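One letter stands for each residue in the lines below.
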Amino acid sequence: AQTVTQSQPEMSVQEAETVTLSCTYDTSENNYYLFWYKQPPSRQMILVIRQEAYKQQNATENRFSVNFQKAAKSFSLKISDSQLGDTAMYFCAFTQGAQKLVFGQGTRLTINP
Amino acid sequence: SQTIHQWPATLVQPVGSPLSLECTVEGTSNPNLYWYRQAAGRGLQLLFYSVGIGQISSEVPQNLSASRPQDRQFILSSKKLLLSDSGFYLCAWDRGQNQPQHFGDGTRLSIL
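Residues numbered from 1 in each chain as written. Chains lettered and ligands numbered in written order. Predicted model: local features only at pLDDT ≥ 70, side-chain atom pairs only at ≥ 80, totals over all residues. Heavy atoms only, no water.

Student: Account for the overall build of chain B, naming residues and giving values.
Tutor: Per the secondary structure count, chain B includes zero helices and eleven strands. The order of helices and strands in chain B, counted from the N terminus, is β-β-β-β-β-β-β-β-β-β-β. Computed over its C-alpha atoms, the radius of gyration of chain B comes to 13 Å, within 12% of the 13 Å expected for a compact globule of 112 residues. With the C-alpha coordinates aligned to their principal axes, the bounding extent of chain B is approximately 40 × 30 × 20 Å. Evaluated residue by residue, chain B yields a buried proportion of 49% over its 112 residues. As displayed, chain B has an accessible area near 5200 Å², and 50% of this comes from carbon and sulfur atoms. Of the side chains in chain B, 8 bear a positive and 7 a negative charge, and the two mean positions are spaced by 6 Å. (Helix = DSSP H or I, 4+ residues; strand = E, 2+ residues; numbered from the N terminus. Rg over C-alpha atoms; globule rule 2.2 N^0.38 Å. Buried < 20%, exposed > 50% of the residue type's maximum accessible area, 1.4 Å probe, protein only. Areas by Shrake-Rupley, 256 points an atom, 1.4 Å probe, with all protein chains shown as cover. Lys, Arg positive; Asp, Glu negative; His and termini not counted. Charge placed at Lys NZ, Arg CZ, Asp CG, Glu CD.)

Student: Describe the interface of chain A and chain B, listing the residues and the values that go with them.
Tutor: Taken together, the contacts link 22 residues of chain A with 23 residues of chain B. Surface buried jointly by chain A and chain B totals about 1900 Å² across both partners, of which 52% is contributed by carbon and sulfur atoms. Counting across the chain A and chain B interface gives zero salt bridges. In this assembly, chain A and chain B are joined by five residue pairs in polar contact (both at pLDDT 80 or more). When its residues are assigned to classes, the side of chain A that touches chain B shows ten nonpolar, eight polar and four charged. (Contact = heavy atoms within 4.5 Å. Buried area = accessible area lost by both parts, 1.4 Å probe. Salt bridge = Lys/Arg side-chain N within 4 Å of Asp/Glu carboxyl O. Polar contact = N/O pair within 3.5 Å; in protein donor to acceptor, adjacent residues only side chain to side chain. Nonpolar A, V, L, I, M, F, W, Y, C, P; charged D, E, K, R; others polar.)

So this is what it looks like as structure tokens:
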């Protein structure tokens, strides 16, 4: 069974700093997709970024970028120039197309002023 | 553009009462639909998903059921709620394989 592990339950950084959230996953498949979702205090689930496993280039979305290491099964999220609005729970998720997303347990990120 | 509506936003129910949470998607056809439950401070647990009208797959045996009476409508139900049914319920949709899921605003369910 596929599993997703986020080893950092909580993180805290100062505004404008760069922070990296870790995610590892376990699969025997070669083609799959990875996502980072953000859940602010309002509890909406918001898609942050998406990575396709067959693409070697790391995905980027403005201040958000990933470090995808396929051999190591690692998919970390880097937030540059962090802002107060980045405070949220961040979930790493994995799918290989079976209509199912497998989520990690989340990392609670706090951006301090 | 596509939107997903989920209601109610908050619900307080006594133990043993029935439940009906509704989710509808607009702006797309034949979406995959999902119900998740999220315990406080925890990740998401997939409860049900549906790839078409009347087609429901259950991920975990429990006190809940789901139905999809129309293409863009997904309903989560229970005949008799338990204390353990408390939680935050999220509905989501996607276009198919490997596409990102888009979530509703959630329902906070408290059982007394």
